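Below, each chain spelled out in residue letters.
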Amino acid sequence: MNRNSLLLNLSLLKTHPAFRAVFLARFISIVSLGLLGVAVPVQIQTLTGSSLQVGLAVTLTGSAMFIGLMMGGVLADRHERRRLILVARSTCGVGFIGLTINAALPEPSLAAIYLLGVWDGFFGALGVTALLAATPALVGRENLMQASAITMLTVRLGSVISPMIGGLLLASGGVVWNYALASVGTFITLLPLLSLPKLAPPPQARENPLLSLWNGLRFLVGHPVIGGIALVGALLTMASAVRVLYPALAGHWQMSAAQIGLMYAAVPLGAAIGALTSGRIAHHVRPGMIMLGTGIVSFISIGVFSLMPLWELGLACLTLFGYLSAISSLLQYTLIQTLTPDGMLGRINGLWTAQNVTGDAIGAAILGGLTVALTPVAAASYGGLALTFCGVALAIVLVQLRRYHQAAPVQPEAAAGK
């Protein structure tokens, strides 16, 4: 990747057919999941009228994903990864069919929505972990940074398109159409994934899975920079959980069903812009400082978004949050790959991903609980304000992350290019 270029280099899609297949499957999958992301909270809000119940659904799904990520890391190091990806993706599709059938019933079951959310969260995490473990074999370790940026752009663009489609489907046919199309899309993703080569895990010494995870966690917590990155990432994912309040806030702004989809699309849109223009930022010599600064400003944007008099201004705040969080995520990935020993990359990346899921689940539970005593507007605003204070505190405490200078790690490569 050309470091002097502002825009993202997409050449991997041309030179690596296996990565191109994953790119296509991931895009279709993200669109399908986006349809669910709109339908599930809207259906629960309609059935119960409670943001707390919406937050509970997100929390349960996030908890299942956390367990799936931990177990998936062990399975991906012991079993053929292509098969694990295909099995996990197929099993998720079965869960989506169950949501479709439940939504078509005269009286849909709330318990079924919760249970199927746990089902899909667990098996989806198994597939994600196997795919992360297989990525170096698909693109080469030297291309991981470029592949990560392309993946981020894929996810964000899909996340922009799918809520818009989901909102239109809600307005015209209800949640059944969202669930049905998500099911079809999930099974379509199997077609490009079938073209992947066999992805056997590398040979390694047998170790108790719990001990292996514990050693990875000790490294994560003990490293002054990587540990700080995990804390910043946790706060950012907690902030992203504000989406559990979207259905209630849509009523506050008197938005239509189609306009609700725009709320879900705003953050991914901002993140897509951040990924597309990430050519230089990932190589900045003071990544820790930028990470902390963008985090604080992003929390402020969440704190003021619900206070906007017009929903269009609220969308602008969400878009800004998406842009800043994308920059932070790319910087987090860059530092983790740079500072983590090769022998721990799998575990640290798995724990980092699980931390993101945990932060999202905790944030959803807190925001849902706040609505018991506060209005959705106040809950979103107070949540953003609290995160802003936490971000400022981290910027003061995490001295080594704030002062980290990236010139040393990139010097050899820069010298070779002269």
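As shown above, the structure is provided for reference.
Small disclaimer: the values here were computed from a predicted structure and weren't measured.

Q: Would you take a moment to explain the overall build of the protein for this structure?
A: Within the protein, the regular secondary structure consists of 18 helices and zero strands. A buried classification covers 53% of the 418 residues belonging to the protein. Taking the contacts inside the protein whose residues are at least 6 apart along the sequence as the reference set, 86% of them involve residues at least 24 apart. For the protein, the exposed surface amounts to about 18000 Å²; the carbon and sulfur share of it is 71%.

Q: In this structure, what is going on with the nonpolar core? I would like to understand it.
A: For soluble globular proteins, nonpolar side chains are generally found buried alongside one another. Judged by nonpolar contacts, the single largest core of 79 residues is most densely connected at Val242, Met263, Phe305 and Leu318. Inspection of this core shows a minimum of three residues originating in each of domain 1 (12-197) and domain 2 (208-407). Excluding its chain neighbours within four sequence positions, the residues that come into contact with Met263 are Tyr246, Leu249, Ala250, Trp253, Met255, Phe305, Leu315 and Leu318. In this structure, Ala18, Ala76, Ile150 and Leu193 belong to the second largest nonpolar core, which totals 22 residues.

Q: Even after reading the chapter, I still don't get helix H12 (residues 257-276), so can you show me in this structure?
A: A turn of α-helix holds 3.6 residues, and therefore any two residues three or four places apart point the same way. Taking 1.5 Å of rise per residue, 20 residues should cover 28 Å, and H12 covers 29 Å from first to last C-alpha, within 8% of that figure. Residue Ala265 marks the point of greatest curvature in H12, where the axis turns by about 35°; the proline Pro268 follows within four residues.

Q: It is not clear to me how a nonpolar patch on the surface should be interpreted in this structure. Could you clarify?
A: A cluster of nonpolar side chains, namely Val94, Ile97, Ile101, Leu105, Trp119 and Phe187, defines an oily patch on the protein surface of about 520 Å² accessible area. Broken down by element, the residue count for the nonpolar patch peaks at three residues, all from helix H4 (residues 81-104).

Q: What exactly am I supposed to notice about the packing of aromatic side chains here?
A: Where two aromatic rings form a pair, the distance of their centres and the angle of their planes describe that pair. Tallied over the entire structure, the rule returns five aromatic pairs. With 4.9 Å between their ring centres and 80° between their planes, Tyr246 and Tyr264 make a pair best called edge-to-face. Taken together, the positions of Tyr246 in helix H11 (residues 246-252) and Tyr264 in helix H12 put the pair 18 residues apart, joining distant regions of the chain. Assessed through its relative accessible area of 3%, Tyr246 is described here as buried. Residue Tyr264 is classed as buried on the basis of its relative accessible area, which comes to 10%. Each ring, one from Trp253 and one from Phe305, has its centre 5.8 Å from the other, and the planes form 65°; the classification is edge-to-face. With Trp253 in the loop between H11 and H12 and Phe305 in helix H13 (residues 287-305), this pair connects stretches of sequence that are 52 residues apart. The pair Trp253 / Phe305 is uniform in exposure class, with both members buried.

Q: What is the right way to look at the packing of helix H10 (residues 224-240) against helix H16 (residues 376-397) in this model?
A: Axes are the key here: two packed helices are described by the angle between their axes and the distance separating the axes. For the pair H10 and H16, interaxial distance at closest approach is 11 Å and the crossing angle is 170°. Regarding the angle of H10 to H16, the classification is roughly antiparallel. Residues Leu231, Val232, Leu235, Met238 and Ala239 of H10 pack against Leu387, Cys390, Gly391 and Leu394 of H16.

Q: Help me understand empty space enclosed by the protein, please; the structure alone is not making it clear to me.
A: Empty pockets left among the atoms are what a rolling probe the size of a water molecule brings to light. The final tally for this structure, using the stated rule, is one cavity of 30 Å³ or more. The space that makes up the largest cavity amounts to roughly 50 Å³. Lining of the largest cavity is provided by Val232, Leu235, Leu292, Gly295, Ile296, Phe299, Gly391 and Leu394. Per-element accounting of the lining of the largest cavity gives the leading share, four residues, to H13. Split into classes, the residues belonging to the lining of the largest cavity amount to six nonpolar, two polar and no charged.

Q: What's the story with the side chain of Thr237 in this structure? I'm lost.
A: Residue position: Thr237 is located in helix H10. With relative accessibility at 13%, the residue Thr237 sits in the buried group.

Q: Please clarify how H16 should be interpreted in this entry.
A: For H16, spanning 22 residues, the distance from its first C-alpha to its last is 32 Å, which sits close to the expected 32 Å at 1.5 Å a residue. Within H16 the residues assigned to the buried category are Val377, Ala378, Ala379, Ala380, Ser381, Gly383, Gly384, Leu387, Thr388, Gly391, Leu394 and Ala395.

Q: Would you mind showing me how to read the environment of Val392 here?
A: Assignment of secondary structure puts Val392 in helix H16. On the basis of relative accessible area, Val392 is assigned to the partly exposed category, the value being 36%.

Q: Would you mind going over unusual backbone geometry with me for this structure?
A: Working note: non-glycine residues mostly have negative phi, and peptide bonds are mostly trans. One non-glycine residue, Gln254, adopts positive backbone phi at about 55°. Among the secondary structure elements, Gln254 is positioned in the loop between H11 and H12. Residue classification places Gln254 among the exposed residues on the basis of a relative accessible area of 72%.

Each value, and the rule that gives it
Residues numbered from 1 in each chain as written. Predicted model: local features only at pLDDT ≥ 70, side-chain atom pairs only at ≥ 80, totals over all residues. Heavy atoms only, no water. Helix = DSSP H or I, 4+ residues; strand = E, 2+ residues; numbered from the N terminus. Buried < 20%, exposed > 50% of the residue type's maximum accessible area, 1.4 Å probe, protein only. Contact = heavy atoms within 4.5 Å. Areas by Shrake-Rupley, 256 points an atom, 1.4 Å probe, with all protein chains shown as cover. Core = buried A, V, L, I, M, F, W, Y, C linked by side-chain atoms within 4.5 Å. Domains from an automatic or database assignment. Expected span 1.5 Å × (residues − 1). Bend = angle between axes of the 7 residues up to and from the residue. Patch = residues over 30% accessible without salt bridge, like charges linked within 9 Å, V, L, I, M, F, W, Y side chains within 5 Å. Salt bridge = Lys/Arg side-chain N within 4 Å of Asp/Glu carboxyl O. Phe/Tyr/Trp six-rings, centres within 6.5 Å; stacked < 30°, edge-to-face > 60°. Axes fitted to C-alpha atoms, helices over the stretch in contact; angles between N-to-C directions. Parallel < 35°, antiparallel > 145°, perpendicular 65-115°, else oblique. 1 Å grid on protein atoms, 1.4 Å probe; cavity = no way out; pocket = protein on both sides within 12 Å on 5 of 7 lines; lining within 4 Å. Points joined across faces, edges and corners; volume = space filled by probe spheres on them. Nonpolar A, V, L, I, M, F, W, Y, C, P; charged D, E, K, R; others polar.

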